[in-house]
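Here are the chains, one letter per residue:
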Amino acid sequence: MGTRLDGKVALITGGARGIGRAQAVRFAQEGADLIVVDRCAAVEHSTTPGASPADLAETVRQVEALGRRIVPFEADVRDQAALDAAVQAGVAELGGLDIVCGTAGISSSGPAVDLAEDTWQTMLDVNLTGVWKTCKAAIPHLIETGRGGSIVLISSIAGLRGLVSVGHYAAAKTGVVGLMRALAQELAQSSIRVNTVHPANTRTTMIQNEGTMRSFCPGVDHPTQEQFEAGTASMHLLPVPMLDPVDIANACLFLASDEARYITGVTLPVDAGHCLK
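- In the nomenclature of an unreviewed UniProt entry, the protein chain corresponds to Mycofactocin-coupled SDR family oxidoreductase from the organism Speluncibacter jeojiensis.
- Taken directly from UniProt, the Sequence similarities (unreviewed entry) text for the protein chain runs: "Belongs to the short-chain dehydrogenases/reductases (SDR) family."

Written out as structure tokens, the structure is:
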């Protein structure tokens with residue numbers, strides 16, 4: 001247990017599992033109380049399996065086991081009214097807001113010119129517009145505290161370079177970088193820092209599902225874990241097949257903490273060297 005976030009309240013979207021849960025647990029270990037939002041259902045046109053209410057309850061259990069408070073909400077980041085209500089209620093219960101993590105996201109794949117319009121639009125609606133709506137719901141509360149704050153938006157290595165068969169995903173994650181840079185400019189005078197984190201292949205259901213696994217193993221209908229990890233490892237400079245969610249959460253913790261008090265407008269890869277390979 002640490003004290004790096006003592007007295008702070010953090011909002012995390014996509015907090016029922018994966019990177020979002022890892023953020024919630026790491027932040028709680030460092031003294032934060034949490035507002036956690038997740039749709040807790042599958043999203044149409046996505047290969048990412050939906051989280052469940054039981055997943056969200058497990059995040060709550062893990063945070064409360066650390067002695068921290070957590071207020072969970074089932075809400076879709078595409079629904080501005082639901083986000084606004086969740087953040088308002090969470091802030092009222094916990095007494096403020098200091099940190100925002102826009103983490104909720106989905107995956108799907110296919111050549112850009114072959115994507116169905118609904119698949120393209122859903123990707124942008126969740127992975128880009130959902131991040132913007134999260135910021136819209138949260139920023140007034142950050143400003144209201146008068147003590148500054150930190151916004152950490154989860155992008156991807158696909159937001160820094162092109163990747164095959166995920167043109168819609170890359171477009172959304174690159175858009176998150178543009179949003180971050182604009183917000184860093186707009187919020188600086190309120191002492192609110194805004195940065196992006198760019199994970200490489202991470203052990204979450206976003207890529208640990210058969211639809212995404214097939215994209216790493218062309219011509220294999222039902223890839224094994226070994227075949228899949230050979231594909232993911234080939235993308236990394238360091239000899240690891242995948243990162244763990246806590247690796248991403250640790251980077252977010254640094255950016256959320258006062259240790260990064262003068263860091264804003266930064267794109268931080270957590271990518272096992274992918275962007276150098």
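Read on, since the account is not over.
Considering the packing of helix α4 (residues 117-145) against helix α5 (residues 167-187)
Packed helix pairs are characterised by how far apart their axes lie and by the angle those axes make with each other.
Reasoning step 1: Their axes nearest at 8 Å, the elements α4 and α5 cross at an angle of 20°. The angle between α4 and α5 falls in the class roughly parallel. Helix-helix and strand crossings are classified by hand; for α4 and α5 the assignment is right-handed. Contact residues: α4 offers Thr119, Trp120, Met123, Leu124, Asn127, Leu128, Val131, Trp132, Cys135, Ile139 and Ile143, while α5 offers Gly167, His168, Tyr169, Ala171, Ala172, Lys173, Gly175, Val176, Leu179, Leu183 and Leu187.

So, the pairing of strand β1 (residues 9-13)
Reasoning step 1: Burial runs high along β1: 5 of the 5 residues are buried.
Reasoning step 2: Burial of the side chains of β1 extends over both faces: Val9, Leu11 and Thr13 are buried on one face and Ala10 and Ile12 on the other.
Reasoning step 3: As paired strands, β1 and strand β2 (residues 33-38) are joined by 5 bridges and run parallel to one another. Residue pairing for β2: Ile12 is matched across the bridge by Val36.
Reasoning step 4: The handedness of the β1 to β2 crossover, carried by helix α1 (residues 18-29), is right-handed.
Reasoning step 5: In this sheet, strand β4 (residues 99-102) lies alongside β1 in parallel orientation, the contact comprising 3 bridges. For Ile12, the partnering residue across the bridge sits in β4 and is Cys101.

Considerations on the state of the cysteines
Reasoning step 1: Tallying each qualifying case throughout the model produces 0 disulfides.
Reasoning step 2: Counting only cysteine sulfurs, Cys252 is the nearest neighbor of Cys275, a cysteine outside any disulfide, at a range of 16 Å.
Reasoning step 3: Classification of Cys275 by relative accessible area gives partly exposed; the value is 32%.

Quick look at the sheet that holds strand β6 (residues 192-199)
Reasoning step 1: One open sheet accounts for 7 strands, arranged β3-β2-β1-β4-β5-β6-β7; its pairing is parallel. Taken across any chain shown, the strands that pair with only one partner, and hence form the sheet edges, are β3 (70-74) and β7 (267-270). On average, each strand axis in the sheet is tilted by 15° relative to the strand beside it, whichever way the strands run.
Reasoning step 2: Where β4 meets strand β5 (residues 149-154), 4 bridges bridge the pair, whose relative direction is parallel. Within β5, the residue paired with Val100 across the bridge is Ile151.
Reasoning step 3: With respect to the sheet, α1 is in contact with β1, β2, β4, β5 and β6, its orientation differing from that of β1 by roughly 170°.

Some points on the side chain of Asp38
Reasoning step 1: Note that Asp38 resides in strand β2.
Reasoning step 2: Of the side chains with opposite charge, Arg17 comes closest to the buried, unpaired Asp38, at an N-O distance of 5.9 Å.
Reasoning step 3: Of the polar contacts made by the side chain of Asp38, one reaches the backbone nitrogen of Cys40; its length is 2.9 Å.

A closer look at the environment of Ile70
Reasoning step 1: Turning to its location among the elements, Ile70 is positioned in strand β3.
Reasoning step 2: The class of Ile70 is buried, set by a relative accessible area of 8%.
Reasoning step 3: Residues Ile70 and Ala24, spaced 46 residues apart in sequence, show a C-alpha to C-alpha distance of 9.0 Å.
Reasoning step 4: Excluding residues within four positions of it along the chain, Ile70 makes contact with Leu34, Val36, Thr59, Val60, Val63 and Glu64.

Observations regarding the nonpolar core
Reasoning step 1: Core analysis: the largest hydrophobic core is formed by 48 residues, its most contacted members being Leu11, Ile35, Leu97, Ile151, Leu153 and Val194.
Reasoning step 2: Listed by contribution, the elements that provide at least two residues to this core are β1, β2, β3, α3 (80-94), α4, β5, α5 and β6.
Reasoning step 3: Among the elements that make up this core, the one with the highest residue count is α5 (10 residues).
Reasoning step 4: Excluding its chain neighbours within four sequence positions, the residues that come into contact with Leu11 are Ile35, Val37, Val87, Leu97, Ile99, Val100, Cys101, Thr134 and Ala138.
Reasoning step 5: Formed by 35 residues, the second largest nonpolar core is a distinct cluster that contains Val60, Leu255, Ala256 and Ala260.

A short note on helix α2 (residues 53-65)
Reasoning step 1: With 13 residues, α2 extends 18 Å from end C-alpha to end C-alpha; this agrees with the ideal 18 Å at 1.5 Å per step.
Reasoning step 2: If you follow the buried residues of α2, they end up packed against α1, β2 and β3.
Reasoning step 3: Positive backbone phi, approximately 80°, marks Gly67, located one or two places after α2.

Rules behind the numbers
- Residues numbered from 1 in each chain as written.
- Predicted model: local features only at pLDDT ≥ 70, side-chain atom pairs only at ≥ 80, totals over all residues.
- Heavy atoms only, no water.
- UniProt positions renumbered as here; feature names shortened; annotations may be inferred.
- Axes fitted to C-alpha atoms, helices over the stretch in contact; angles between N-to-C directions.
- Helix = DSSP H or I, 4+ residues; strand = E, 2+ residues; numbered from the N terminus.
- Parallel < 35°, antiparallel > 145°, perpendicular 65-115°, else oblique.
- Left-handed = near helix turned anticlockwise from the far one by under 90°.
- Contact = heavy atoms within 4.5 Å.
- Buried < 20%, exposed > 50% of the residue type's maximum accessible area, 1.4 Å probe, protein only.
- Pairing = 2+ DSSP bridges.
- Right-handed = clockwise from strand over helix to strand, strands pointing away.
- Disulfide = S-S within 2.5 Å.
- Lys, Arg positive; Asp, Glu negative; His and termini not counted.
- Salt bridge = Lys/Arg side-chain N within 4 Å of Asp/Glu carboxyl O.
- Polar contact = N/O pair within 3.5 Å; in protein donor to acceptor, adjacent residues only side chain to side chain.
- Core = buried A, V, L, I, M, F, W, Y, C linked by side-chain atoms within 4.5 Å.
- Expected span 1.5 Å × (residues − 1).

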